[in-house]
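Working through the structure, step by step
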Amino acid sequence: MAAEQVELSITGMTCASCANRIERKLNKLEGVTATVNYATEKAKVTFEGVDPAALIATVEAAGYGATLPTPANEQAEASAEEVDPTASLRQRLLVSVVLTVPVVVLAMVPAWQFDFWQWISLTLAAPVIVWGAWPFHRAAAVNLRHGAATMDTLVSLGTLAAFAWSVYALLWGTAGTPGMTHPFELTIQRGDGTGSIYLEVAAGVTTFILAGRYFEARSKRRAGAALRALLELGAKDVAVLRDGRETRIPTAELRVGDRFVVRPGEKIATDGVVEDGNSAVDASMLTGESVPVEVGPGDAVVGATVNAGGRLVVRATRIGSDTQLAQMARLVEDAQNGKAEVQRLADRVSGIFVPIVIALAVGTLAFWLGAGQGTAAAFTAGVAVLIIACPCALGLATPTALLVGTGRGAQLGILIKGPEVLESTRRVDTVVLDKTGTVTTGRMSLVAVHTAEDTTETEVLRLAGALEHASEHPIAKAVATGATERVGELPEVEGFRNLEGLGVQGVVDGHAVIVGRERLLAEWSVHLDGELAAAKADAEGKGRTAVLVAWDGRARAVLVVADTVKPTSAEAVRELRALGLTPVLLTGDNEAAARAVAAEVGIDEVIAEVLPKDKVDVVARLQTEGRVVAMVGDGVNDAAALAKADLGLAMGTGTDAAIEASDLTLVRGDLRAAVDAIRLSRRTLATIKGNLFWAFAYNIAALPLAAVGLLNPMIAGAAMAFSSVFVVSNSLRLRGFRSTPTTTNPQAPTSPRTQRHLATTP
C-alpha cells in the first residue's frame, strides 16, 4: 500500500511544547511520520495502513482537537462566514482589565484603602482569576494529565495560589478585619502572612498574560490569509460560449473544453488556449514579467491574468485545483508549513524554569514544616515562592516590546506580524530582491527617444503620442503618457486602426503615421536607417521595448519603453550592504533586462528568467548553501518564496497574496523601507531579549528570599511592580527609533489595500 499524506488542522495548542507533544503522540503510531507546526496550527502527516480517524483520535486523546482538511472552494466560502476565534479571548481581556485596574490601585495606594476595601477587591478579582484565567487553568490541567509543565502551568498555579491564600487570609486570618491596610513598608521580616492578601498579583498577572495571548492569537489568525488572498484572486464569473451564445456562469462551473470570452480589462477565468482573437495579457502578478505578453490563436494563457487589449475566445484546459493559481496556493501553504516551529523565547526557558519553581515551592513548604515553624509560616513561604515566580514581567516582556515596536513601525510604514518574525532578522545575511515592482516601478514608461537627422523629438512625440493615446495597449499608454508630459496637449487622430500584435496607424496633422513593430513598417516598405537600427538593437540588448515611428513613407524615430528603476533603489541597496547583507536580484524577466537593472542599482548577483515555482527553489537552494535569506517582493509570483524565506518582506503596493504570505509588510513602495524594517526588527528583538533577561533575573534574585521566608508582601509587590515598570519603560524606548535620514515622509498617502492591512494588523 502506498503512503498517503494528510494535513490536519489542530486546535487547543497554547505553546510550542503542545506541538511537540502532539508530534510525539502521532509518531508513536506505526507507519506514521508527522510534523506539527505551532505557528500555522497544522499537522502534516504521512501514513501507511492507518485510518485517518485514528490520527484524529490520537490527537484528541492528547487533549487537543483535530479536523481533516476541507476543499479549497469550501474554505473560501467558509472564510466569509467564520466566527472570529479571538472574540472569546478579547472578551476575557476587556472584562479582566475593567475589574483588575481598581484592585491594583486599591492595593498599591494605602491612602485609598477604605473600610472593607479588601472584600471589594475579592469581589472584583474573583471573576478575573476564575473566569478570565480559565484558558490557563484548562491548559494546565491538560499538561498535568500528560506529566508536562509550561508557562500555563506556572500562571495557573501562581494565580490560584495567590487567590487561595488571599481567601484564607480574609476568612481565617486577620486580613478581613475592618480597617485593615497594606502599609508600604520596605522591611524584611519573617511572619505567618495571614494578614496579607495577593489579589492584585493574581488579577494583574492574569490580565497581563491575557493581553499577550490575545495579540499573539490575532497574529496567528492571519496564517491562512495568504491562501485566501490567492484563492480570491481569480475571476468570480465567466462568459461561456454555448450554442453560439454567451452565457454568464460562476467560474466554479467551468469544465475542461469549455470556450469562454474574455473582454478587454477582464481577468482570464482559468488556464486555457486562445482560439480566436489577439491581445496583450498582463501577467506581471503571476510571472513577474513587466512587459505585457502578446497572445493570439494557439497561445496558452493563465487564469487570473488580465486581458489588456482585444477580445479573446479561450478554450479551458485546466480548472480548479489543477490551475497554475491553485498550484501556487499549494506552494505558499507548503512553504509556510515547512518553516521551523515557532517557539516563544519565554516558552523555551519555561521548560526548565517551571519545574524548578514548582519543586522549590514544594521543597520550601516541606522544609519549614520539618523545621517546626508552623503550618501558616510554611505555607506563607511556599506560596511566596509561587507568587514571586509568577511571570508578570515575563508576560509583559514580549508583547509590550512587540506592541511598541509594531506601533512605531506602522508610523514608519512597516508592519511586523508577530514575535516569531523578529528571530530571523539578526541572522539574515542574504536579501533576495524581486525586480518588477520592488526595485523597479512595475510600470512601463517612455525612457528614451531616438530620432532621424531631420526630425525633432517634439514632432515625433506629438504625432506618435496622439496615435498611441487612442490605443488601450499598456505600451501605447506609456508612450502617450510620456508624450503628454513632455509636449503637452496632443492633436486629434483620424482614421485610427489598431493592428493586433503589430501596432497602430492613423492620420495626424495630415501625416499618415504608423507606430509599432518593425514588421508593421516592413509591410509599408519602410526600413530603418543605420542609426535607428543601432538604437533599436541597443534598447533590445538591454531588455527594453523598442517602438518604431514612421510617417509619409519614412522611419522617423525609435521610442524606448521600459520598466524604470525607482529613484531610491540604488541607495537602498547600499544601505542593505551596510547592514551586512548580500543583495541578490531575482526576476522572471529576461537576462538582459535584469542585468541592466542590477548594474544600475549596484547588485552583483542576478538570477533571471525564473518561473514562479522556481523562485521557491532558488530561495531553498540559497538556504542549503548555509545562507539565511530575506526575500523582498510584491507579486503573487513572489508569495510562495516570501513564505519560504527565513524573513519575507512584501511591498505594500503589491498584491494581497504577497502581503499575507510575508512576515513584514512595507506600506510604502520605497525599497529603503526594507532597510528600516530590518533595523527596527533587530532593535525590537534586542529589546525583547533584554526584557526577558531582567524578568528572569528578578525572579532568580527574589526566589531565595521567598524560600527562606524573608519576603515581605509589600517588597514582593514593589519588586514585581518595578520589574514590570522596567520592562514597559525599556520597551517604550523603541518609540524613539528613527528612520534613515534620507527616507521619504512615512506619513505619505497609501493605497486603500495597504490602509486596510495597516488597520487590521496587530
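Residues numbered from 1 in each chain as written. Predicted model: local features only at pLDDT ≥ 70, side-chain atom pairs only at ≥ 80, totals over all residues. Heavy atoms only, no water.

- An unreviewed UniProt entry annotates the chain as Cation-transporting P-type ATPase B originating from Saccharothrix variisporea.
- According to the UniProt record, the Sequence similarities (unreviewed entry) comment for the chain is "Belongs to the cation transport ATPase (P-type) (TC 3.A.3) family. Type IB subfamily."
- Word for word, the UniProt comment on the chain under Catalytic activity (unreviewed entry) is "ATP + H2O = ADP + phosphate + H(+)". (UniProt positions renumbered as here; feature names shortened; annotations may be inferred.)

**Overview of the UniProt feature "transmembrane region" (unreviewed entry) in the chain**
- Within this structure's numbering, the places UniProt gives as "transmembrane region" (unreviewed entry) are residues 93-110, 116-134, 154-175, 195-215, 349-371, 377-404, 691-708 and 714-732.
- Within residues 116-134, the helical portion is 89% and the strand portion 0%, while the C-alpha atoms at the span's ends are 27 Å from each other.
- Annotation note: span residues 691-708, helix share 94%, strand share 0%, distance between end C-alpha atoms 27 Å. (Helix = DSSP H or I, 4+ residues; strand = E, 2+ residues; numbered from the N terminus.)

**Details of the packing of aromatic side chains**
- The full count for this structure, using the stated rule, is four aromatic pairs.
- An angle of 40 degrees between the planes, with centres 4.8 Å apart, marks the rings of Trp165 and Tyr168 as tilted. Remark: Tyr168 and Trp165 occur in helix H7 (residues 151-171); sequence separation between them is three residues, near one turn of the helix.
- Joined through ring pairs, the aromatic side chains of Trp165, Tyr168 and Trp172 make up one cluster. (Phe/Tyr/Trp six-rings, centres within 6.5 Å; stacked < 30°, edge-to-face > 60°.)

**So, unusual backbone geometry**
- The residue Asp552 is not glycine, and still its phi comes out positive at about 55 degrees.
- Note that Asp552 resides in the loop between strand E20 (545-551) and strand E21 (554-565).
- Here Asp552 falls in the partly exposed class, since its relative accessible area comes to 43%.
- The backbone phi angle of Glu609 is positive, close to 55 degrees, even though this residue is not glycine. (Buried < 20%, exposed > 50% of the residue type's maximum accessible area, 1.4 Å probe, protein only.)

**Brief notes about the sheet that holds strand E10 (residues 293-295)**
- Across the sheet, which stays open at both edges, the three strands sit in the order E10-E9-E12 with antiparallel pairing between neighbours. Looking at which strands have only one partner, the edges of the open sheet turn out to be E10 and strand E12 (306-307).
- Two strands pair when backbone bridges link them, and strand E9 (residues 279-282) and E10 are joined in this way by three bridges, in the antiparallel orientation. Looking at the pairing, Ser279 lines up with Val295 of E10. (Pairing = 2+ DSSP bridges.)

**As for the pattern of salt bridges**
- All told, the structure shown has 23 salt bridges when counted by the stated rule.
- Here Glu275 and Arg259 are joined by a salt bridge, their closest N and O atoms 2.7 Å apart. Here Glu275, found in strand E8 (residues 271-276), pairs with Arg259, found in strand E7 (residues 259-262); they are 16 residues apart in sequence, far enough to count as distant.
- The class of Glu275 is partly exposed, set by a relative accessible area of 34%.
- Note on Arg259: relative accessible area 34%, which makes it partly exposed. (Salt bridge = Lys/Arg side-chain N within 4 Å of Asp/Glu carboxyl O.)

**What to know about helix H5 (residues 117-132)**
- Between the first and last C-alpha of H5 there are 22 Å, a value that for 16 residues agrees with the 22 Å anticipated at 1.5 Å per step.
- A maximum bend of about 30 degrees is found in H5 at Ala125, where proline Pro127 lies one to four positions downstream. (Expected span 1.5 Å × (residues − 1). Bend = angle between axes of the 7 residues up to and from the residue.)

**Let's talk about the sheet that holds strand E13 (residues 312-318)**
- Taken in spatial order, the six strands make up an open sheet running E6-E5-E7-E13-E8-E11, and their pairing is antiparallel. Two strands close off the open sheet at either side, each with one partner strand: strand E6 (245-250) and strand E11 (300-301).
- Alignment of E7 against E13, held across four bridges, turns out to be antiparallel. Its bridge partner lying in E13, Arg259 is registered against Arg315.

**Description of the side chain of Thr684**
- Inspection of the secondary structure assignment puts Thr684 in helix H26 (residues 672-707).
- Overall, Thr684 belongs to the buried group, its relative accessible area being 1%.
- Looking at Thr684, its side chain comes within polar contact range of the main-chain oxygen of Leu680, at 2.8 Å.
- In this view, Thr684 contacts Ala401, Leu402, Gly405, Leu422 and Leu734; residues no more than four positions away in its chain are not counted. (Polar contact = N/O pair within 3.5 Å; in protein donor to acceptor, adjacent residues only side chain to side chain. Contact = heavy atoms within 4.5 Å.)

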